[in-house]
2 protein chains.
Amino acid sequence: MSYQAPVNDIRFVLNELAGLSEVAALPGYEDANPELVDAILEEAAKLAQDVVAPLNSVGDRHGNRLDNGTVTTAPGFKEAYRQFCENGWIGLRVPTEHGGQGMPALVAMATEEMWCAANVAFSLCPLLTLGAIEALDHHASPEMKALYLPRMASGEWPGTMNLTEPQAGSDLAQVRTRAVPVGDGSYKISGQKIFITWGEHDMADNIVHLVLARLPDAPAGVKGISLFVVPKFLVDTEGRLGQRNDVRCVSLEHKLGIHGSPTCVMSYGDEGGAIGYLVGEPNRGLAYMFTMMNHARLGVGVEGMAISERAYQQAVSYARDRVQSRELGSDDPAPAPIIRHPDVRRMLMTMRAQIEAQRALTYYTGAALDRAACHPDRAEQQRWQAVVNFLIPVVKGWNTEQVNEVTSLGVQIHGGMGFIEETGAAQHLRDARITAIYEGTTGIQAMDLVGRKTASEQGATAYALLGEAEATAAKLEAAGYPEMAAPLHRAIADAKACVKFIVESFNDNPKAVAAGSVPFLKIMGLVLGGWQMGRAVLVAKQKLHEVDADQSFLQAKLITARFFAQHLLPQVSGLAEAVLQGSDSVLALDEAAF
Amino acid sequence: MSYQAPVNDIRFVLNELAGLSEVAALPGYEDANPELVDAILEEAAKLAQDVVAPLNSVGDRHGNRLDNGTVTTAPGFKEAYRQFCENGWIGLRVPTEHGGQGMPALVAMATEEMWCAANVAFSLCPLLTLGAIEALDHHASPEMKALYLPRMASGEWPGTMNLTEPQAGSDLAQVRTRAVPVGDGSYKISGQKIFITWGEHDMADNIVHLVLARLPDAPAGVKGISLFVVPKFLVDTEGRLGQRNDVRCVSLEHKLGIHGSPTCVMSYGDEGGAIGYLVGEPNRGLAYMFTMMNHARLGVGVEGMAISERAYQQAVSYARDRVQSRELGSDDPAPAPIIRHPDVRRMLMTMRAQIEAQRALTYYTGAALDRAACHPDRAEQQRWQAVVNFLIPVVKGWNTEQVNEVTSLGVQIHGGMGFIEETGAAQHLRDARITAIYEGTTGIQAMDLVGRKTASEQGATAYALLGEAEATAAKLEAAGYPEMAAPLHRAIADAKACVKFIVESFNDNPKAVAAGSVPFLKIMGLVLGGWQMGRAVLVAKQKLHEVDADQSFLQAKLITARFFAQHLLPQVSGLAEAVLQGSDSVLALDEAAF
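Residues numbered from 1 in each chain as written. Chains lettered and ligands numbered in written order. Predicted model: local features only at pLDDT ≥ 70, side-chain atom pairs only at ≥ 80, totals over all residues. Heavy atoms only, no water.

Going by what an unreviewed UniProt entry lists, chain A is known as Acyl-CoA dehydrogenase and is assigned to Chitinimonas lacunae. Taken verbatim from the UniProt record of chain A, the Cofactor (unreviewed entry) comment is "FAD". Here is the UniProt Sequence similarities (unreviewed entry) comment for chain A, exactly as written: "Belongs to the acyl-CoA dehydrogenase family." (UniProt positions renumbered as here; feature names shortened; annotations may be inferred.)

All names here are of chain A. You can read the domains of chain A as domain 1 (7-153), domain 2 (159-285) and domain 3 (442-582). Centre-to-centre separation of domain 1 and domain 3, based on C-alpha positions: 30 Å. Taken together, the contacts link five residues of domain 1 with eight residues of domain 3. For the domain 1 and domain 3 pair, buried surface summed over both sides reaches about 640 Å², with 63% attributable to carbon and sulfur atoms. Across the contact surface, domain 1 and domain 3 share two salt bridges. With a shortest N-O distance of 2.6 Å, Lys557 and Asp9 are connected by a salt bridge. (Domains from an automatic or database assignment. Contact = heavy atoms within 4.5 Å. Buried area = accessible area lost by both parts, 1.4 Å probe. Salt bridge = Lys/Arg side-chain N within 4 Å of Asp/Glu carboxyl O.)

With that out of the way, let us pick up the UniProt feature "domain: Acyl-CoA dehydrogenase/oxidase C-terminal" (unreviewed entry) in chain A. Under the UniProt annotation, the feature "domain: Acyl-CoA dehydrogenase/oxidase C-terminal" (unreviewed entry) is placed at residues 283-449 of chain A. Helix makes up 73% of residues 283-449 of chain A and strand makes up 4%, while its end C-alpha atoms are separated by 26 Å. (Helix = DSSP H or I, 4+ residues; strand = E, 2+ residues; numbered from the N terminus.)

Residue and element names in this part refer to chain B. Two elements in contact, helix α10 (residues 342-374) and helix α11 (residues 378-413), have axes separated by 8 Å at closest approach and are oriented at 160°. When the axes of α10 and α11 are compared, the pair comes out roughly antiparallel. Seen from above, α10 lies across α11 with left-handed handedness. For the contact of α10 with α11, the class distribution of residues is 23 nonpolar, 11 polar and two charged. (Axes fitted to C-alpha atoms, helices over the stretch in contact; angles between N-to-C directions. Parallel < 35°, antiparallel > 145°, perpendicular 65-115°, else oblique. Left-handed = near helix turned anticlockwise from the far one by under 90°. Nonpolar A, V, L, I, M, F, W, Y, C, P; charged D, E, K, R; others polar.)

Right, let's talk about the pairing of strand β3 (residues 159-162) of chain A for a bit. When a strand is regular, its side chains alternate between the sheet's two faces. Residue and element names in this part refer to chain A. Both faces of β3 are covered, namely the face carrying Gly159 and Met161 and the face carrying Thr160 and Asn162. Of the strand pairs in this sheet, β3 and strand β6 (residues 208-213) are connected by four bridges, and their pairing is parallel. Paired with Gly159 across the strands is Val208, a residue of β6. (Buried < 20%, exposed > 50% of the residue type's maximum accessible area, 1.4 Å probe, protein only. Pairing = 2+ DSSP bridges.)

Our focus in this paragraph is the packing of aromatic side chains. Counted according to the given criterion, the structure contains 20 aromatic pairs over all chains. When the ring of Tyr187 of chain B is compared with that of Phe228 of chain B, the centres are 5.1 Å apart and the planes differ by 65°; the resulting orientation is edge-to-face. With Tyr187 of chain B in strand β5 (residues 186-197) and Phe228 of chain B in strand β7 (residues 226-231), this pair connects stretches of sequence that are 41 residues apart. Overall, the relative accessible area of 0% leaves Phe228 of chain B in the buried class. One aromatic cluster in this structure is built from Phe77, Phe84, Trp89, Trp115, Phe122 and Trp198 of chain A. When the ring centre of Phe233 of chain B is taken as reference, the NZ or CZ atom of Arg244 of chain B above it lies at 5.5 Å. The positively charged end of Arg383 of chain B is found above the aromatic ring belonging to Trp384 of chain B, 4.7 Å away from the centroid. (Phe/Tyr/Trp six-rings, centres within 6.5 Å; stacked < 30°, edge-to-face > 60°. Lys NZ or Arg CZ within 6 Å of the ring centre and 35° of its normal.)

Looking now at the pattern of salt bridges. Evaluation of the coordinates by the stated rule reveals 62 salt bridges over all chains. Among the salt bridges present, the one from Glu591 of chain B reaches Arg340 of chain A, with a minimum N-O distance of 2.8 Å. With Glu591 of chain B in the segment after α20 (583-587) and Arg340 of chain A in the loop between β14 (335-337) and α10 (342-374), the pair connects residues from two separate chains. Residue class for Glu591 of chain B comes out partly exposed when judged on its relative accessible area of 25%. Relative accessible area serves as the criterion here: at 29%, Arg340 of chain A is assigned to the partly exposed category.

Per the UniProt record, the feature "domain: Acyl-CoA oxidase/dehydrogenase middle" (unreviewed entry) sits at residues 161-267 of chain A. The span residues 161-267 of chain A is 0% helix and 45% strand, and its two end C-alpha atoms sit 14 Å from each other.

We now examine the pairing of strand β11 (residues 263-268) of chain A. Residues and elements named next belong to chain A. Among the six residues of β11, six are classified as buried, and the element is accordingly described as predominantly covered. Side chains Thr263, Val265 and Ser267 of β11 all project onto a buried face; the interleaved residues Cys264, Met266 and Tyr268 project onto the opposite face, where all are buried too. Pairing geometry for strand β10 (residues 247-252) and β11, over five bridges, is antiparallel. Its bridge partner lying in β11, Leu252 is registered against Cys264.

Below, the discussion takes up the nonpolar core. Counting residues in each nonpolar core, the largest one holds 173 residues, and the members touching the most others are Met114, Leu348 and Tyr363 of chain A. In terms of residues, this core owes the most to one element, α10 of chain A, which gives 17 residues. Once residues lying within four places of it in the same chain are set aside, the contact partners of Tyr363 of chain A are Ile10, Val13, Leu14, Ala18, Leu106, Met109, Ala110, Glu113 and Met305 of chain A. Counting 170 residues, the second-largest nonpolar core is a separate cluster that includes Cys125, Val395, Ile413 and Leu488 of chain B. (Core = buried A, V, L, I, M, F, W, Y, C linked by side-chain atoms within 4.5 Å.)

Okay, the relation of the copies chain B and chain A next. For the pair chain B and chain A, the superposition axis carries a translation of 0.0 Å, the fit reaches an RMSD of 0.0 Å, and the rotation angle comes to 180°. In short, the pair behaves as if placed about a two-fold rotation axis. Interface overlap between copies is the fraction of interface residues in one copy that are interface residues in the other; for chain B against chain A it reaches 100%, indicating a shared surface. (Least-squares fit on C-alpha atoms with pLDDT ≥ 70 in both.)

Our next topic: the side chain of Arg214 of chain B. All names here are of chain B. In this fold, Arg214 is placed in the loop between β6 (208-213) and β7. With no salt bridge to any partner, buried Arg214 finds its closest opposite charge in Glu165, at an N-O distance of 7.3 Å. Reaching out from Arg214, the side chain makes a polar contact with the backbone oxygen of Pro219 at a distance of 3.1 Å. Residues within four places of Arg214 in sequence aside, it is in contact with Leu172, Ala173, Val175, Thr177, Arg178, Ala179, Pro219, Ala220, Gly221, Gly224 and Ile225. (Lys, Arg positive; Asp, Glu negative; His and termini not counted. Polar contact = N/O pair within 3.5 Å; in protein donor to acceptor, adjacent residues only side chain to side chain.)

All right, on to the environment of Val279 of chain B then. Residues and elements named next belong to chain B. Examined against the element boundaries, Val279 turns out to sit in the loop between β12 (274-278) and α9 (285-321). Accessibility expressed as a relative area gives 0% for Val279, which makes it buried. For the pair Val279 and Val229, spaced 50 residues apart in sequence, the C-alpha to C-alpha distance is 6.7 Å. Val279 has contacts with Leu136, His139, Ala140, Met144, Leu227, Phe228, Val229 and Tyr288, leaving out every residue within four places of it along the chain.

Turning next to the interface of chain B and chain A. Note on interface size: it is often stated as the accessible area lost on association of the parts. The partner chain A presents 89 residues to the 89 residues of chain B that form the contact. Both sides of the chain B and chain A interface together cover about 7,700 Å² of buried area, and 60% of this is carbon and sulfur. Contact with chain A buries area across many residues of chain B, yet Arg345, Phe419 and Phe594 of chain B alone supply 11% of it, more than any other trio. On the surface where chain B and chain A come into contact, there are six salt bridges. In this structure, Glu577 of chain A engages Arg490 of chain B in a salt bridge whose closest nitrogen and oxygen atoms are separated by 2.5 Å. At the junction of chain B with chain A, the criterion picks out 39 residue pairs in polar contact (both at pLDDT 80 or more). Counted by class, the side of chain B that touches chain A contains 40 nonpolar, 26 polar and 23 charged residues.

This is how it looks when you write it as structure tokens:
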């Protein structure tokens, strides 16, 4: 099933909801003019649709093969990656001084949505490279940056992130990989890392591994972890490749989904130690990793939303084509396309409404990231940084929890065919399932949200965002949309009650707050998504009166927002009851009684 | 990961909630005394745990192989099936005159839960055989019954159901397979059937296909479909196997899950016509199929609940073993088993509470089936039949929708390991996904529920069941459980409002009702599941005072019911809003705008 990049929807969100023109007015982003952005969207759409998307099922079927430490990717991946790099896509949001194009995160996000929707397994290689670039850009020495960053930004040397070890999943305090100084400024790294995405492959000449490890005298726990660069092939100061480093892929995981992406067990130092180079100062590795956490988590939020879009497109196409059973209440006894059956419509609308709300909130967060990074006014920078910090766990958690539901609805719409792998609907369900797990599970996002992002600032940002949502609800009311305003108002009131509970209870009873943290995260996703849908309604109402208005497009925005208000926002009251009343029953059962 | 049959929970539901002693008092079920039932549970548990469950992952990994029309099952399946048959498990609820043991459906259900939880792919072979037995028992001639039923009840000749064709999925009016009379009383069958579970395999000497086909002069649509028996090997009147019939498996589907079960494309009559025998009268095939629909749909509801149980057990085991991150609010800095983390508990409780409610409602329905079949009082029979008719789509739809969530939570609890196939958590998610599709999708169950089961009887049974739930809520209040009574009362009120809306609107505006039919189905699952949880609380409170009470077991019932009331029942209000307010927004979008 082919993919059509939803360029109109993306443009609407960029321009009308995320504030692209304001972002483009920030110092440093002056090049992001409407013409260039349009050209970027059109070119990215073409590459995504014509080159990357057709490889999605190929990657799923073929997976990757490991022979003697060498990973062979699925047919076509290598060529697509070459074209992807030649067109300069990896460096789109990398600063120009490192060979990138210096575009805002917001603009890059639009292209990243397309790569993820087209082929999420493929998209992980550039995504992880960008994460590695960001970490090095912030913390590496000028020499290290000059050596590595341009080659990474071009895609010549993709990057990887080596954090997880068997005993250290979410809890990096347990990292054991060791780094011993050699004496010449380099280190010998030894240890095993698991779940290393694109840890080894044949798409590039070299791979730049970023590795968390402990120095011999490092303190225990998270304060004793340092960050190292470990290239697959050693390089000289001119970037010429030298000998193979002592790091290899010892096995590939057999996964539920994203088969096109090799998930490697990486062994460092089997033959005495892999040569690594310290990034920044010793024992600051975890802090450095956090630098890129926001981008990485937002990136996974994009994945969730993008896979949902892909599943939606496939489901719509099937629902139009598949003819089965007569239309309810129709005089025509002939079987009808199933898109006419109300429950199929309900499923499609459930998918569609969540995707639109998620896209709006995700791009809003992307724009906030740019404003936080570049706003000339320091107070505005800080304000936007707080917004970013609050929204990241919401976007990451909500988009990725919901993609499980959305892709499952995609399967359901296909009926029995949805269960057959060749149909492709099941692949989206399988691929999506990792997104709520990696880069911090939903539980971890939710703890971040209730703790650092809500309780520790007395709910300031939460209340501020809910206040903006309230203003939108009031405007909806005034604009003649009480059927949307009322559910939004009610949901906001519930959300505020939850924020109050969290702020008041977190210090004395953190377990009670934690017990409702994921329901709270979903509440914030729904309410803030509903806020964005309300904003879209106000824009659409305005634009409907313009001479060249796309009536069908704008009417669809109104209807989809109404569905969101009447079918999805009402879930908030039940979730709020779980947050406010439900912690005892979460915690009461004796551990042995499970 | 091993499976432990939850015999204590099953016994509690059988005895305290489903009314086993009353069922055993019905004429014909006198043998179902407590000692025999206990022995059945213990023996079934042993076989499920020791023989059937270990093959679950084997079947998933190996799948089935098709060579020249012959299907080879995964290693161990053939031997397990032989043992299963030798122990007489298929015939447990088959009438004694056909070689079965004549147990109530309720007792058989307890064993069926175990087979499904142990290995759902394996369990489908006996399940479909039972469906075929039931259809023949009701509609075949005495000679046909005498020839086939004892051999099917013993498992010597398992049965299959051949309904679906490529153009006729949910809509059997489109069936095209043809049956031409030969002149000797037999027919030549030709056509292609798809999605035939266990359509061909090497576990038995013969296979009895039940096939829907059209006679030459048959009217169009569902009134022109007849039912035929088509054995894989022709048999003489003594049951001796003769020549191979003209039916073969031409391909196996490559599926998301239940890999252990061969899903076949069956071709009839490639060499002139497969010999088939008409069951009952011509053109009554669909009505005959409906005879076994209730059992089959209830059976799939059992599958959903059983796979949830299996996923829960695996998640609990992992959550106890996996040590990661310190306990919140604890002074101990050492990492703790993740079962101590509140969000992991919330997920486990969400799984557990739904499983308990589903088991109770499912077994209640099984008992109702027995009462409807055997109650000596005709009015009581009719009353119970109405209960069965109402509850079947609820149990089928709700259990199977929720197993998607429950198995997904099972994956989530495993973190990154959940995405690795060897862990086994992902298999449950994949296996479960078909249950909301086959034997009628959730959308079809929901239409059945709002139409034939609610609107057409002015909500009589719905109101009666909600009335019983109300009485339970009142008792909970009186017994000192207002925190459970209040959410149940509120949910019942919402459910009643929905029933009223459905009854009033169905004739004039069936699309509006259909748009909210699945949310309504979920409401009934939650409310009636909550009713059963309330009944369990009242029993547990009583039993806690008994001398030899299992305090831990009974306290767990109270806590789990409280969780259900505080976390799951509150979802009803949002769903009710979708039913009552949401139909316009489901239907409003122009078909071309999707």
